[in-house]
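Below are the chains, spelled out letter by letter.
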Amino acid sequence: MTSSIPAALAALGLLILPACTPEEEAMQIAAVAEAAPACDRPADPAAARAAMAEAEARVIAEAQASQGIGELALWTLKDDDTTLYLLGTVHLLRPDLEWRTPAIDAAILAAGTVVFEADTTSPEAGRDLMKFFTTEGLFTDGTQLTSLLTEDEVAQLTDALAEVDLPLDAVQPMRPWYAAINLSVLQITQEGFDPASGVEMKIEADAKAHGAAFEYLETVEQQLGEFARLDNCAQVEFLMQSAASMEQGTAILDLMVSEWADGDAVGLAALLATPDSFGSDAAYDALLKNRNARWSPMIAGMLDEPGTRLIAVGAGHLVGEDSVIAMLRAEGYEVTGP
């Protein structure tokens, strides 16, 4: 049973992508006459959505019943001459949310190097992003998005797009993963979440002020390539889960942010770090679990170099049974924190 949580994934666990530009909205690509792929779709979509809502309500209740530490969680991994701080971030936040603590401020100030998921702010990164969106986010063979969807899915997607005042034609040239992220980011930003208020933006400014260096765990192509390499069925599942989440506005995202700010690793994991949260096992493995498995030995290897590092990655990567924290602990490393 899947849940309608993916709209929050862009803000909590994944790289933030820009929403559609007017130029993209004007793009028109001729349709290709092909049927929707033979994916594993429910025989009764309405009944499936009702069951999904019930399952999601149980997960929400579980998260709400869990108690955090009362402030943002900060993990620590160290040896004799190296200290690594690990902080879960939210890439977009409401501007009035105060998340900083004395411990986090001290970690930022102490860090000679700050490690992010990927470089998303430099001019080079901007060019790489645009190139990737063009080559991997858009169909290049004349296919239209709706050719991959059933009639019921087209209707559901059209309704979701209307919530953000976006016409169906605007996403027709997009592959399902790219349409899903655009839909989610549009919803989030229209509800008042701001990239300029995101944790990475604040940390980057402070770190630059005291001369810290910056490192990254992956490239733009490595990160976004996980989306692009999903098969059409997994991409469509992710898109339709994002469309389903539009019905609830940002209520779930607000809850996730509340769990994150409370340092409730258990509650946040229940909401975010499961295959159901991503719409499929394939999406969960590609977008979360596999990336965590790549990052964990890289982070452990940082113990070989003396000094202090702050590793700030999407909060979804640091909670749950397949988190970076769990993987490091499974390898015998002593990571303090929730």
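Here the structure is shown first, and the text comes after it.
Structure report, in brief. (Residues numbered from 1 in each chain as written. Predicted model: local features only at pLDDT ≥ 70, side-chain atom pairs only at ≥ 80, totals over all residues. Heavy atoms only, no water.)

**Regarding the packing of helix α6 (residues 151–163) against helix α11 (residues 232–245)**
As a reminder of what qualifies: Axis lines are fitted through C-alpha atoms, for helices just across the contact stretch, and the angle between N-to-C directions can take any value from 0 to 180 degrees. In this text, helices come from DSSP runs of H or I with a minimum length of four residues, and strands from runs of E with a minimum of two, each type numbered from the N-terminal end. Any angle between 65 and 115 degrees counts as roughly perpendicular, while under 35 counts as roughly parallel, over 145 as roughly antiparallel, and the rest as oblique. It is the rotation of the near helix from the far one that decides the hand of a crossing: anticlockwise by less than a right angle makes it left-handed, clockwise makes it right-handed. Contacts are assigned to residue pairs with any non-hydrogen atoms lying within 4.5 Å of each other.
Two numbers describe how α6 lies on α11: the axes approach to 9 Å, and their chain directions differ by 45°. With respect to α11, the element α6 is oriented oblique. At the point where α6 passes α11, the crossing takes the left-handed sense. Residues Glu153, Gln156, Leu157 and Ala160 of α6 lie in contact with α11, whose contacting residues are Val236, Leu239, Met240, Ala243 and Ala244.

**Concerning the nonpolar core**
To be explicit about the condition: Within this scheme, the nonpolar core is defined by two criteria: the residues are buried Ala, Val, Leu, Ile, Met, Phe, Trp, Tyr or Cys, and they are joined through side-chain atoms within 4.5 Å. Burial here depends on accessible area, computed with a 1.4 Å probe over protein chains only, as a share of the maximum for the residue type. Under 20% is buried, over 50% is exposed, and the range in between is partly exposed.
Within the largest apolar cluster, 98 residues are counted, with the highest numbers of intra-cluster contacts made by Trp75, Leu86, Ile203, Trp260 and Ile299. When neighbours within four sequence positions are excluded, Trp260 is seen to be in contact with Leu72, Gly88, Thr89, Val90, Leu93, Leu97, Trp99, Val199, Leu268 and Ala315.

**Digging into helix α9 (residues 199–209)**
Selection criterion: It is the directions from the helix axis to the C-beta atoms that the arc portrays.
For α9, the set of buried residues is Val199, Glu200, Ile203, Glu204 and Ala207. Summarising the axial view, the buried residues of α9 lie within an arc of 125°, below the 170-degree limit, and thus occupy one face. For α9, the exposed residues set more than 90 degrees away from the buried face come down to Lys208 and Ala209. Where α9 is buried, its residues touch β2 (82–89), α4 (102–110), β3 (113–116), β4 (213–216), α12 (251–261) and β5 (307–314).

**A look at the pattern of salt bridges**
When their charged atoms lie close together, side chains carrying opposite charge are able to pair. Our working definition: Salt bridge, as used here: a side-chain nitrogen of Lys or Arg that lies within 4 Å of a carboxyl oxygen of Asp or Glu.
Per the stated rule, a full pass over the model turns up 14 salt bridges. A salt bridge links Arg175 to Glu136, with the nearest nitrogen and oxygen atoms 4.0 Å apart. Taken together, the residues Arg175 in the loop between α7 (168–171) and α8 (176–190) and Glu136 in helix α5 (residues 123–137) connect sequence positions 39 residues apart. Accessibility expressed as a relative area gives 14% for Arg175, which makes it buried. Residue classification places Glu136 among the partly exposed residues on the basis of a relative accessible area of 31%. Ionic pairing is found between Glu305 and Arg309, a salt bridge with its closest N-O pair at 3.3 Å. Residue Glu305 is classed as partly exposed on the basis of its relative accessible area of 45%. Judged by its relative accessible area of 5%, Arg309 falls in the buried class. Salt bridges sharing common partners tie together Glu117, Glu218, Glu221, Glu226, Arg229, Arg291 and Arg294.

**A look at the environment of Phe238**
In this structure, Phe238 sits in helix α11. Placed 42 residues apart in sequence, Phe238 and Ser280 show a C-alpha to C-alpha distance of 7.6 Å.

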